[in-house]
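# Understanding the architecture of this molecule
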Amino acid sequence: QQFHHIRLLLSLSGGLEKAKVAAATTIAHDPSYAKFQCTQGRIQALCGNIEEAIASINNAIAFEKNTRTDYALRIGQYSGYYQQFRAQQKLQEQEKAMAGQMREMQLAMEAQEKESMAKNMEFLGLFSGIVSFTIGSLSISGAIAEQSIRHAAGLIVVLMGALVVAGGIFFCLN
């Protein structure tokens, strides 16, 4: 959180680019200057380059001279930055993993939606077939009823039996 505020302030003023150049220039002049290795690591972290920041902090720890009176204080400070950068790195990894999982879930939901749409279309087709069948049966029965009611009733029973068999097959396949 703190890094985001600092990064925003530095980038608005153009200071982040200036800081990167200054740290790189100083380190090019003296790569074993531990304090600027740490500074470069902090700048890299502000830029989102966490792996490079960790490498710079490791360099700072390695280059720090143990003969200095403030050695323990500086190593403690570098270690604090190291832990902070590792935590940021883990957070980035988790964010990437979560983004991948969310994408997988989204694809699964889209596939499920397509499957559900296909089933709904099948049911719609079945019900429109039932309606068409019923209307057709009544029309045929009406025409046959003029000849014989018994023949019309028999035809309706046979057609309804065919409809029940077709519906049973449809539901068994699903």
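Look up: the structure comes first, before these words.
Read on for a plain summary of the structure. No experiment lies behind these values; they were computed from the predicted model shown.

A count of helical and extended segments in the protein gives six helices and zero strands. Listing each helix as α and each strand as β along the protein from the N terminus yields α-α-α-α-α-α. Residue burial in the protein is summarised as follows: out of 174 residues, 21% are buried. A fraction of 56% describes how many contacts in the protein between residues 6 or more apart in sequence connect residues 24 or more apart. Summed over its atoms, the accessible surface of the protein is roughly 12300 Å², and 64% of this surface lies on carbon and sulfur atoms.

Now for the pattern of salt bridges. This model, assessed by the stated rule, comprises five salt bridges. Between Arg-68 and Glu-64 there is a salt bridge, with its nearest N and O atoms 3.5 Å apart. Its relative accessible area of 37% is what places Arg-68 among the partly exposed residues. What makes Glu-64 buried here is its relative accessible area of 7%. A salt bridge links Asp-70 to Arg-74; the shortest N-O distance between them is 3.2 Å. Several salt bridges converge on common partners, so that one network encompasses Glu-64, Arg-68, Asp-70 and Arg-74.

Definitions and limits used
Residues numbered from 1 in each chain as written. Predicted model: local features only at pLDDT ≥ 70, side-chain atom pairs only at ≥ 80, totals over all residues. Heavy atoms only, no water. Helix = DSSP H or I, 4+ residues; strand = E, 2+ residues; numbered from the N terminus. Buried < 20%, exposed > 50% of the residue type's maximum accessible area, 1.4 Å probe, protein only. Contact = heavy atoms within 4.5 Å. Areas by Shrake-Rupley, 256 points an atom, 1.4 Å probe, with all protein chains shown as cover. Salt bridge = Lys/Arg side-chain N within 4 Å of Asp/Glu carboxyl O.

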